[in-house]
Amino acid sequence: MENLLNDLLTSPGLLFVGVRGVILIGIVMTIAGYAVLLERKASAWIQGRLGPNRTTLPFVSWIPLIGPFLRLGGFIQPAADGGKFLFKEEPMPSHVRKIYYVLAPIVALAPALATIAMLPFALLPDGTALALCKGADVGVLLMFAVSSLGVYGIALAGWSSNNKFSFLGAVRGSAQLISYELAMGLAVLPVFLIASAPGSDHGLNLTAIVASQEGLWNIVRQPLAGLVFLVCIFAETNRHPFDMPESETDLVGGFHTEYGAFKFGLFFVAEYGHMIIGSSLFILMFLGGWHILPGIPEVGTGIIATLIGLGTFFTKLVLFLFFFVWVRWTIPRFRYDQVMRLGWNVLLPLAVANLVLTFIYYAFAG
Amino acid sequence: MAVKVLERRPLSFWERTYLPQVLGGLRVTWRNILRPSVTLQYPEQRPTIPKGYRGVPTLVRDPNGREKCVSCQLCEFICPPKAIRITPGEIPATAETAHVEKAPKEFEINMLRCIYCGLCQEVCPEEAIWLQNQYSMTGTTRAEMVNNKARLYELGGTLPDSHFKWDHKKAESERQAGGHH
Ligand code: SF4
Ligand code: SF4
């Protein structure tokens, strides 16, 4: 059993890689589906509505208590939504560049999936991280690099759609990514600085960064970095108030104007995938990862501790996704020039200043 | 007139960071989450219809069960989308209400055309056509969406009457006829 689990997680054999891939896609699709449900429910509550509460399956509605609960909570809605996307007709507009048009959703989703594969969710009893793709030691650097590739999907979609709105959306998406990637990278440097300060045995990977927050979470040690990083992940995931590439009011639907059915669904999942990545990174780097509270890294021993850590991480993830949704239905979208100004004139200098101050602090006080 | 210039208060540092505003907004939406929803769960819960609501146009009878429409066709003429089609008919001389002389043989309102404007109700000299409370008209064919006379009376039912115009007319003519004896 232990061996099989280990094989499943680390073996390079083609079968195991395939199984891991299927598990990964299953997990991501499920979480994305339920993130959509969360989005619909939370937006409904904020606007005084009820949200999806009708969808159910015959055999589910027969169960007393749980059946109505599942129906009212809309828990079967994601399956219905996914099914609808699958069975819809796939129209192919006549004026698009066909190959790239089909390729774009894949290019958008693949980096998100690849990044999620590298995310550590909890600590295994042997001290290594529980992730679908173990041993990516450069950890966070690789993650930043790969997850940013997602914007190629947006750019490709905008260009191949042969439509000015899509194209504008794509251009905005890439400009936004470049502007915020810098501030984002600089904002997390102090976190690495703390994690791999001389004398500490922590490295560059995320497990080590979580371990370095055992006593105090980084959000307390580095509030400014946390804030900059938070704003940046909102911008990177193209979520409100930074959803420039979509921007329904001025760009119709932005880069996915010409997409429908499952191709649109893939973009959708990619967006939620990026949300999951952003939230997870924030949790891992600033909110103590799978640690329950500052100072209480784990409860129990062995596999129990792992499970509790996993539960803690997912609770934090759900809360953070809720935060994403909550912000989306609160703040109106920025104007494009405001977004650019915020990125270059505010966040970048702030991140640099924060980094320099941290340098100075550790050089003299640390 | 003296113009009073109000100086706009400069934004404080915190206000310029935009963060307090974001937090304030989040507080507002959070309070909304805690508030009960205002959704009306439609097929199970029905809205209360306000007085004077203009629902589906119907034909009504007076409290004595007499059909009020005299097929004058004014409603047919005024109906902006031409939704009404009337085939006028005569009331047989043997009937109790023979003095009314006319009644529609067939009366059709095409609900695919009707725009619920209420002009038919307004123009009717007999107060025979009323837009009542029914707000939901559905059908699976075009023919189903045309209300015929029977259906119109079924939807309309009986409404109270304050004039009993034709009963008065009958009584008056009988009185006059009696006076000549
Ligand atoms: S409500 Fe207006 S549109 Fe409808 S039947 Fe009467 S006059 Fe015609
Ligand atoms: S409903 Fe009124 S207006 Fe229309 S034909 Fe009958 S009496 Fe005339």
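Anything mentioned here points back to the structure above.
### Quick notes on the overall build of chain B
Then, number 1: Helix and strand counts for chain B come out as six helices and five strands.
Then, number 2: Of the regular secondary structure in chain B, the N- to C-terminal order runs α-α-β-α-β-β-α-β-β-α-α.
Then, number 3: A compact globule built from 181 residues would reach a C-alpha radius of gyration of about 16 Å, whereas chain B, at 29 Å, exceeds it by more than 25%.
Then, number 4: Taken along the three principal axes of its C-alpha coordinates, chain B extends 100 × 55 × 30 Å.
Then, number 5: For chain B, the residues scored as buried account for 28% of the 181 residues in total.
Then, number 6: Across chain B, the fraction of contacts at a sequence separation of at least 24, relative to all contacts at a separation of at least 6, is 70%.
Then, number 7: Just so you have it, chain B exposes about 12,800 Å², and 56% of that area is on carbon and sulfur atoms.
Then, number 8: Side-chain charges in chain B split into 25 positive and 20 negative, and the spacing between the mean points of these groups amounts to 13 Å.

### Overview of the interface of chain B and chain A
Then, number 1: Each side of the interface is counted separately: chain B has 15 residues, and chain A has 16 residues.
Then, number 2: Buried surface at the junction of chain B and chain A, summed over both partners, amounts to about 1,400 Å²; 68% is from carbon and sulfur atoms.
Then, number 3: At the junction of chain B and chain A, the tally comes to one salt bridge.
Then, number 4: Its salt-bridge partner being A:Arg54, residue B:Glu44 comes within 3.2 Å of it at the nearest N-O pair.
Then, number 5: For the pair chain B and chain A, the number of links is eight residue pairs in polar contact (both at pLDDT 80 or more).

### Things to note about the site of ligand 1
Then, number 1: The local shell around ligand 1 consists of B:Cys79, B:Pro80, B:Pro81, B:Ile84, B:Cys114, B:Ile115, B:Tyr116, B:Cys117, B:Gly118, B:Cys120 and B:Leu131.
Then, number 2: The residue makeup of the shell around ligand 1, split by class, is ten nonpolar, one polar and no charged.

### Overview of the pattern of salt bridges
Pairs may arise between side chains of opposite charge once their charged atoms sit close together.
Residues and elements named next belong to chain A.
Then, number 1: Counted under the stated rule, the structure contains 17 salt bridges over all chains.
Then, number 2: Notably, a salt bridge pairs Arg335 with Asp337, separated by 2.8 Å at the nearest N-O pair.
Then, number 3: One continuous salt-bridge network, built from bridges that share partners, spans Glu39, Arg239, Glu271 and Arg328.

### What about unusual backbone geometry?
Then, number 1: With a phi close to 60 degrees, A:Asn162 is a non-glycine residue in the positive phi region.
Then, number 2: Here the phi dihedral of B:Phe164 falls at roughly 45 degrees; this positive angle occurs in a residue that is not glycine.
Then, number 3: Assignment of secondary structure puts B:Phe164 in the loop between helix H5 (149–156) and helix H6 (165–179).
Then, number 4: Look at B:Phe164 and you get partly exposed, because its relative accessible area is 26%.

Cut-offs and rules
- Residues numbered from 1 in each chain as written.
- Chains lettered and ligands numbered in written order.
- Predicted model: local features only at pLDDT ≥ 70, side-chain atom pairs only at ≥ 80, totals over all residues.
- Heavy atoms only, no water.
- Helix = DSSP H or I, 4+ residues; strand = E, 2+ residues; numbered from the N terminus.
- Rg over C-alpha atoms; globule rule 2.2 N^0.38 Å.
- Buried < 20%, exposed > 50% of the residue type's maximum accessible area, 1.4 Å probe, protein only.
- Contact = heavy atoms within 4.5 Å.
- Areas by Shrake-Rupley, 256 points an atom, 1.4 Å probe, with all protein chains shown as cover.
- Lys, Arg positive; Asp, Glu negative; His and termini not counted.
- Charge placed at Lys NZ, Arg CZ, Asp CG, Glu CD.
- Buried area = accessible area lost by both parts, 1.4 Å probe.
- Salt bridge = Lys/Arg side-chain N within 4 Å of Asp/Glu carboxyl O.
- Polar contact = N/O pair within 3.5 Å; in protein donor to acceptor, adjacent residues only side chain to side chain.
- Near = heavy atom within 4 Å.
- Nonpolar A, V, L, I, M, F, W, Y, C, P; charged D, E, K, R; others polar.

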